[in-house]
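Next come the chains, spelled out residue by residue.
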Amino acid sequence: MKNLNFCFLLIISLLLLDSCGDKCQNLITYKTQVPVYMSKEQLAKSVSSIPAKALTNTGKIWIYDKYLFVNELNKGIHVIDNSNPNFPKSVSFIQIPANVDLAVKGNVLYADSHTNLLAIDISNPLQIKILETIENAIPPRYFQSDPSKGIIVDYEEKEITEVVDCNQSYIGIGRPAIMEDFAVRGNALGAQSNFAGKSATSNVSKGGSMARFALYDNYLYTVNQSALKLFDVKNPAKPTSAANIEIGWGIETIFPYKNNLFIGSMTGMHIFDNTNPSKPVLLSTYNHFTACDPVVVEGDYAFVTLRTDETGANRCPRGVNVLDVVSIINLRNPTLIKSYPMKNPHGLGIDNADLFVCEGKHGLKRFDATKLEAIDKNLLEHLEGFDAYDVILNDKLLIMVGKDGIYQFDYSSKKELKLLSLMKVVQD
Amino acid sequence: MKNIIILALFNLLAFNQLLAQETKNLQKQKGFLSMNEIGVMVSNESALYGSPNAQAISFHSFNAYQAAPAFAIGLGVGMDSYPDRVLMPLTIGFSGDFLKKNITPFYRFLIGHGSVLTKKPTDNSGFPTQDIKLGGGLVVNPSIGLKVYIAEGKAFTLQLGYKFQEAFTEQSFRGGSLNRQEVTFRRLMFAIGFSF
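Residues numbered from 1 in each chain as written. Chains lettered and ligands numbered in written order. Predicted model: local features only at pLDDT ≥ 70, side-chain atom pairs only at ≥ 80, totals over all residues.

1. A closer look at the overall build of chain B
- On a plain count of helices and strands, chain B comes out with 1 helix and 8 strands.
- Starting at the N terminus and ending at the C terminus, chain B contains elements arranged as α-β-β-β-β-β-β-β-β.
- Considering chain B as a whole, with its 196 residues, one finds that 35% of them fall into the buried category.
- Within chain B, residue pairs in contact and separated by at least 24 positions form 62% of the contacts whose partners lie at least 6 positions apart. (Helix = DSSP H or I, 4+ residues; strand = E, 2+ residues; numbered from the N terminus. Buried ≥ 20, exposed ≤ 12 C-beta atoms within 10 Å, placed from the backbone. Contact = placed C-beta atoms within 7 Å.)

2. Here's the deal with the overall build of chain A
- A tally of regular secondary structure across chain A gives 3 helices and 33 strands.
- Looking at chain A as a whole, 44% of its 428 residues qualify as buried.
- Contacts in chain A between residues at least 24 apart in sequence constitute 52% of all its contacts with a sequence separation of at least 6.

3. Digging into the confidence of the model for chain B
- Within chain B, residue pLDDT values average 82, and 79% of them lie at 70 or more.
- The ipTM value of the predicted complex is 0.78, and its pTM value is 0.68. (pLDDT = per-residue confidence, 0-100.)

4. Examining the pairing of strand E3 (residues 58-64) of chain A
Residue and element names in this part refer to chain A.
- The element E3 is extensively covered by neighbouring structure, given that 7 of its 7 residues are classed as buried.
- Relative to strand E4 (residues 67-72), E3 is paired through 5 bridges, and the arrangement is antiparallel. Opposite Ile61, over in E4, you have Val70 as the bridge partner.
- Between E3 and E4, which follow one another and run antiparallel, lie 2 residues, and Asp65 among them has a positive phi close to 55 degrees. (Pairing = 2+ DSSP bridges.)

5. So, the environment of B:Lys28
Residues and elements named next belong to chain B.
- Here Lys28 is to be found in the loop between helix H1 (2-18) and strand E1 (31-42).
- Among the residues examined, Lys28 registers 20 C-beta atoms within 10 Å and is labelled buried.
- Separated by 125 residues in sequence, Lys28 and Gly153 have C-alpha atoms that sit 4.2 Å apart.

6. Quick word on the pairing of strand E8 (residues 178-195) of chain B
- Sheet analysis places strand E1 (residues 23-38) of chain A next to E8(B), joined by 7 bridges and oriented antiparallel. Note that in E8(B) the partner of A:Thr29 across the bridge is B:Leu178.
- Where E1(B) lies against E8(B), 8 bridges are found, and the strand directions are antiparallel. Considered in E8(B), the bridge of B:Val42 is made with B:Leu188.
- Hairpin remark: strand E7 (residues 154-173) of chain B followed by E8(B), antiparallel, with 4 residues in the connecting loop; positive phi at B:Gly175, about 100 degrees.

Structure below.
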């Protein structure tokens, strides 16, 4: 019996000997952006309208008649009945994967979806109908690293945990490479302000100064990273490719004004003569520091905000934070009148020298821009405590997009902006 | 290493033969039992420290109620000093002598939780660290040994055991990244001590 005890202990001890040795592992946990894949067939089938849902990640805005169209980045477009700006009411949500830009003409919504341009009948926002799909109309926004998985329609944040042995070195807490997203920069980080397209109807149809889609006459103008692309929308339901004009790298926005197109790029502002809407002709380029730069125009002057990127994404390297006032009396030779320091200017809008500048997390500023050389001395109002990305001005109604949601102000009084409503963004 | 252990265990068998020659039994029969020892813990290899610089020193005290020479139940507390951290295991366990002799093999089994007393700063990541959290974990410590009674209820002990002990370090970085280092010490323990 005694010997049995010892034998038992001996066996146990020998087993334990085999499991001697410290173990060590590092669990590296980080949040990163991972691609969302979809097949081309899925992409086409996914376009549909569903009941209204909450705003979560607002993008570009377009107003048409009584409706407000708000892009939900890479997801689709909210349709909001804004006939009473005091009580805007969500009507429906149009699911469009990989959508960033939009424009509306009559009852037709033009929207991008990955590389496709869609024409959608929105006469009944709850029951939309795809009228036309032009494939490969727009360059892909994301680097398609693994085509076998489908196409990348979005990136979503995920928490990743990697297990690394303690003996192995771990380099970097990294993110996958994401193609520089010019399309998104325009609004997600940028700004919008009012431009009035020469609509075919008498209804108001406005997009933002940072929009990459613009309507003028019978043409839909789109800009991508390097080119201006025209689509003939004389028959709104059946857009056709019309022209492709190479401009240069870093194109961000398009802003039609009277017979000209003002195209913002990271390095400057290109001015096109658009007397013949089917053949815009480059007149001049106003160069500035490499920065993110929305542009608006009123009369003979262009207002350009240049900013650094405060998000840490380094999208606007070597940028400065200024408001440039540029004379375009001679469209072939734009000249700087004065540059005003700002905190982090994003979108802007101007209406009869009533100038509004979104200052990102520093709020919204309102200037009297009657005296172009003394704008800084005529700060009328500075609203703080919220994020201000972009604005659209329409008949004394200011629609501002911020991280918190969509603010609407009445700016008929020069003394004070009157808040009409706030549609709050709901976090995912 | 294995040969040494096998030899030690066979020596225990030899002591077993000597027990028959003992006369007066000095074993504690009942009551408070305190076993205190100092030991060294070694491992074949260490993913954390490399080898051979992986020894750790252990101090331990097991205080129990002895119901019979073959069974005592109680609590243990100790201090295990590894190269970069000191852990304090708090355990519950039982122990007992195998034989009713003055020289007798004994067993002990402890299980509990270890916590960190100190850890030397070893962050060489180069990243700005926001917060470092240290912690312990499960401790399992079975052992056998030899008791040599020298007086009524008092004995020297020689002990061979195995210690399984978990510990972790968590470093959080700006931007929400987290590095959790999980260490499982799996050590052979040699200890000498005194029980009363």
